[in-house]
Amino acid sequence: MRDTETIDATAAVAAVDIAETRAAGGRARRTRLDWRNWVPTAITFAVAALLWQLVAWSNPYVIPTLDAIWANLVANPAMYWVNFLVTLQEVLVGAASGILAGFALAVVMAEFRIVERAVMPLVVVVMVTPIVAIAPALVVAFGFGMMPKYIVTALVVFFPMLVNSLAGLRDADPKALDVLRTLHASRWEIFRDLRFPGCMPYVFAGLRIALPLAVVGAAVAEFVAAGQQAGLGSLVTTSAAQANLPVTWASIALLCLLGVLLVSLLALVRKRVLWWSDGEPVAR
Amino acid sequence: MTGTAFIAPDGGVRVEHVSKSFGPPDARVTVLDDVSLTIGMGEFVSVIGPSGCGKSTLLKVVAGLIEADSGTVTIGGEPVAAAARDKAIGLVPQAPALLPWRTVLDNVRLPLQVNRRANAGRALRDPSELLTSFGLGHAMRKYPGQLSGGMQQRAAIARAFVFDPAIMLMDEPFSALDEMNRDQQRLGLLDFWQSNRKAVMFVTHSVPEAIMLSDRIVVMSAHPGRIATVIDVDLPRPRAEADYATDAFRDLEAVVRGELHRVMEAAHA
Ligand SMILES: Nc1ncnc2c1ncn2[C@@H]1O[C@H](COP(=O)(O)OP(=O)(O)OP(=O)(O)O)[C@@H](O)[C@H]1O
Ligand SMILES: [Mg+2]
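Residues numbered from 1 in each chain as written. Chains lettered and ligands numbered in written order. Predicted model: local features only at pLDDT ≥ 70, side-chain atom pairs only at ≥ 80, totals over all residues. Heavy atoms only, no water.

Visitor: Looking at this model, I keep getting lost on the overall build of chain A. Mind explaining?
Guide: Broken down by element type, chain A carries 12 helices and zero strands. Mapped in sequence order, the helices and strands of chain A form the string α-α-α-α-α-α-α-α-α-α-α-α. Counting all 284 residues of chain A, 46% fall into the buried class. Taking all contacts inside chain A whose residues are at least 6 apart in sequence as the whole, residues at least 24 apart take part in 73%. For chain A, the exposed surface amounts to about 14,100 Å²; the carbon and sulfur share of it is 71%. (Helix = DSSP H or I, 4+ residues; strand = E, 2+ residues; numbered from the N terminus. Buried < 20%, exposed > 50% of the residue type's maximum accessible area, 1.4 Å probe, protein only. Contact = heavy atoms within 4.5 Å. Areas by Shrake-Rupley, 256 points an atom, 1.4 Å probe, with all protein chains shown as cover.)

Visitor: Just to check I follow, could you spell out the UniProt feature "transmembrane region" (unreviewed entry) in chain A for this structure?
Guide: All names here are of chain A. Annotation from UniProt places "transmembrane region" (unreviewed entry) at residues 37–58, 78–110, 122–144, 150–169, 202–227 and 247–269. In residues 37–58, the share of helix is 100% and the share of strand is 0%. The end C-alpha atoms are 34 Å apart. For residues 122–144, the end-to-end C-alpha separation is 27 Å, with 83% helix and 0% strand making up the annotated structure. (UniProt positions renumbered as here; feature names shortened; annotations may be inferred.)

Visitor: Looking at this model, I keep getting lost on the site of ligand 1. Mind explaining?
Guide: Residue and element names in this part refer to chain B. In the region of ligand 1, the neighbouring residues are Phe22, Val31, Ser51, Gly52, Cys53, Gly54, Lys55, Ser56, Thr57, Glu172 and His205. In this structure, glycine 54 approaches ligand 1 through a main-chain N or O atom, which is 3.0 Å from an oxygen atom. Here threonine 57 contributes a side-chain N or O atom positioned 2.5 Å from an oxygen atom of ligand 1. Protein contacts shield 57% of the accessible area of ligand 1, which totals 640 Å² for the unbound molecule. It is helix H1 (residues 55–63) that contributes the most residues to the shell around ligand 1, three residues altogether. A class-by-class count of the residues in the shell around ligand 1 yields three nonpolar, six polar and two charged. (Near = heavy atom within 4 Å. Polar contact = N/O pair within 3.5 Å; in protein donor to acceptor, adjacent residues only side chain to side chain. Nonpolar A, V, L, I, M, F, W, Y, C, P; charged D, E, K, R; others polar.)

Visitor: Can you walk me through the pattern of salt bridges in this structure?
Guide: Summed over the entire model, instances satisfying the criterion amount to 17 salt bridges over all chains. Put simply, B:Glu43 and B:Arg216 hold a salt bridge, and the shortest N to O gap is 2.7 Å. Note that B:Glu43 is positioned in the loop between strand E2 (29–39) and strand E3 (44–48) and B:Arg216 in strand E9 (residues 216–221), a separation of 173 residues in sequence. Residues B:Glu43 and B:Arg216 agree in their burial class; the two are buried. Overlapping salt bridges bring together A:Arg192, A:Asp193 and B:Arg102 as one network. (Salt bridge = Lys/Arg side-chain N within 4 Å of Asp/Glu carboxyl O.)

Visitor: So what exactly am I meant to see when it comes to unusual backbone geometry here?
Guide: Excluding glycine, residues mostly have negative phi values, and the peptide bonds linking residues are mostly trans. Residues and elements named next belong to chain B. Of note, the amide linkage connecting histidine 223 to proline 224 takes the cis form, showing an omega dihedral of -5 degrees. The topology assignment puts proline 224 in the loop between E9 and strand E10 (226–232). Each neighbour pair has its own omega, and for arginine 237 with proline 238 the value is -5 degrees, a cis peptide bond. A positive phi angle is found at histidine 17, which is not glycine, with a value near 50 degrees. Tracing the sequence through the fold places histidine 17 in strand E1 (residues 13–22). The phi dihedral of aspartate 164 falls on the positive side, at around 55 degrees, and the residue is not glycine.

Visitor: Can you walk me through the confidence of the model for chain B in this structure?
Guide: For any part of a model where pLDDT is low, the fine detail of the predicted coordinates should not be relied upon. All names here are of chain B. Summary statistics for chain B give a mean pLDDT of 91 and a share of 96% for residues scoring 70 or more. In this model, residues 1–9 is a region of pLDDT below 50 whose contacts with residues beyond four sequence positions or in other chains number 22 contacts. Overall fold confidence (pTM) sits at 0.85, and the ipTM for the predicted complex is 0.92. (pLDDT = per-residue confidence, 0-100.)

Visitor: Would you explain the environment of A:Trp57 in this entry?
Guide: Residue and element names in this part refer to chain A. Checked against the element boundaries, tryptophan 57 lands in helix H2 (residues 35–58). Of the residues examined, tryptophan 57 reaches a relative accessible area of 55% and is grouped as exposed. Remark: the alpha-carbon pair of tryptophan 57 and leucine 73, spanning 16 residues in sequence, is separated by 19 Å.

Visitor: Just to check I follow, could you spell out the domain arrangement of chain B for this structure?
Guide: Interface size is commonly expressed as the accessible area that is lost once the parts come together. Residue and element names in this part refer to chain B. According to the domain assignment, chain B contains domain 1 (1–88 + 170–185 + 196–269) and domain 2 (90–164). Computed over C-alpha atoms, the centres of domain 1 and domain 2 are 24 Å apart. Taken together, the contact pairs 18 residues of domain 1 with 21 residues of domain 2. Here domain 1 meets domain 2 over a buried area of about 1,600 Å², counting both sides, of which 53% is carbon and sulfur. (Domains from an automatic or database assignment. Buried area = accessible area lost by both parts, 1.4 Å probe.)

Visitor: It is not clear to me how the sheet that holds strand E6 (residues 89–92) of chain B should be interpreted in this structure. Could you clarify?
Guide: The strands making up a sheet associate through hydrogen bonds between their backbones, and the pairing can be parallel or antiparallel. All names here are of chain B. Ordered in space as E6-E7-E8-E3-E9-E10, the six strands form an open sheet in which the pairing is mixed. At either end of the open sheet lies a strand with only one pairing partner, and these are E6 and E10. Across the sheet, the axes of successive neighbouring strands diverge by a mean angle of 20 degrees, strand direction being ignored. Relative to strand E8 (residues 199–203), E3 runs parallel, the two being bridged by four bridges. In the strand pairing of E8, phenylalanine 44 is matched with valine 200. Along the sheet, helix H5 (residues 149–161) contacts E6 and strand E7 (167–171); its crossing angle with E6, the most-contacted strand, is approximately 170 degrees. Its contacts with the sheet put helix H8 (residues 247–268) on E3, E9 and E10, and the angle it makes with E10 is roughly 170 degrees. (Pairing = 2+ DSSP bridges. Axes fitted to C-alpha atoms, helices over the stretch in contact; angles between N-to-C directions.)

In C-alpha cells form, the structure reads like this:
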C-alpha cells in the first residue's frame, strides 16, 4: 500500500528509536536486523492503517482515507514544505532557547541553593498555568509574528529541562565528589569534570520529554494565530474550519513526522554521547 | 604493645581530642568522643572496630570532608584545610568512584588536572607508568565499566598515588571484593607501599588485612566511638604472603581478635 508510506516511515523511525534506546541500555542482545525488532511493530501499524481505512470508507465525513491524504500531500508539495519549514523553525528556535535557559537556570540553582528557593515557586506557578491560556495573551502582546510562537515553545520545553538537569547536577557520585574535595578542586573544576558530564543522562531524559512538547507548543501557538502566518498548526485550524479534511490530516501527519524525526535524532545523538551510561535515569 | 602516646614527626597526621556528634539538639548522637591519634611519616596505621563505631567519620574528619565539633587535626603541621589546598591528601573511598566517561588513564590523570596550582614543586608521577606498576598497563585505554571490581579499585588507588600526596586515607578499599581477589589486592598494595612509603590511614574490617599491612592497629569501640587500644605490629618488613603462616602473625591475630571481642562485649553490657 503506497498510500500508507508516511505512516510506514513513521513506524520505521519509531522502530529505530526503540532499538537505539535498547542499545543505549547497554546489554542489548537483539540487533536491529532481528525480525523480532520490527515485525511486531510493522504488524501493529498495518492493522492500525487497515482499521483507519475501514472507518474512512464507511464515514467519509469523519476521517479521510489514507490514499486521499497521500494524494493531497503529493499534489501540493511546495505548500506543505513551506509550512513544514515555518513550524520547524519555531520548534528549533523555541526549543533551543528553552533548553539553554532551562539548563542554565538549573546550573545556577544547583550551585546556589538560595536561587532555587527564591525562583522555583515562581517557575512552578508559571508552569501550572495552561499554555493554551497563555498563548492568546502572548499573541496580543507580541503580535502575529514568530515571537509568541518562540516564547510558547520555549516555555513548554523549559520546565522539563530545568527539573531534569537540576536532578542530574545534584546526583553527582558522592564518593567521586569526596575525592575531588580532598584535592581542593574548585567549584568550576567540580562542575567541569564531574557534575556536567555526570548530569547528561538526566539532560537526555529531559530532552526526550521536551522535544515532543516543543512540537505541541509550536502547534498550539499557531492555532491561536491561525490564518495570519504559515505553519502546520495554522494549516490544521484553517482547513478544519473549511472541513477540508485531507489537508487537516496531512498537516497532522507532518506534525507527527516532525516529532518522530526530532526524537530519532535525539536517540542517535544520545547513543554517541552517552555510550557510558546504562539506561536512562528515572525522569522526575 | 599498647599506648597512645606516640609522638609523630612533623610530616604525619596528628588528631587531637576530636569529638563529633550528629543529629538535632534533642536527639544528639556522639559518634566520635575525644579521639586522639597520630600517624608518623611513612607509617601505616589501620583502624578497626565494630560497624558504626565512627571509622568512616574519623577518616572524613581527617580528609577535611567533615568538620569536627571540637579538637584539632593537623597534617604535616598545618590544618587540614591548608593541607587540602596543597593537595597533600590522597583519598581512596570505599567504592572506586571512577568517572565512567573517562578512560582508566584519564581517571588517573584527574588529580593532576584539578587544583593545578598545587602541582608545582612536587614529584608527580607519570600516570601510565604508575598504572603499569599496578598491573593495569594493558587496561589504560579501557573504560571503568569494562574492568573487574578489583581492577577498578587498583585504578582508584593509582589515582590517589599519582599526585604524590603526603598522606593516604583509605576507607575499606577492598571490602567490596570477593575473598580471593581481596587477598591479591591487599598484597599488591603492600608491595607498592613498601617501595613508596606514605603515611597511611587504612580503615578495615579484616583482622589479617590489618596485621599484614600495618605498623599499628587502632581498635575503636562504639557508642560513642573511642579509641579502645592501639596495638603495635612488630612483624619485620618487607612482609609477604608467607607471613600469614608464621606464629608471630597468629599470635597477633589472637591479640587483635581478643581486643575486638572485649570492645564488642563492652558494647553489649
Ligand atoms: N551525616 C551523618 N548524619 C547522622 N549520622 C551519621 C552521619 N554520618 C554518620 N552517622 C552515624 O555515625 C555512626 C558512625 O558512622 P560511620 O560511618 O563513621 O561508621 P563506620 O565505623 O565507618 O561503620 P562501618 O564499619 O559500617 O562503615 C553511625 O551510627 C552513623 O549512623
Ligand atoms: Mg565506614
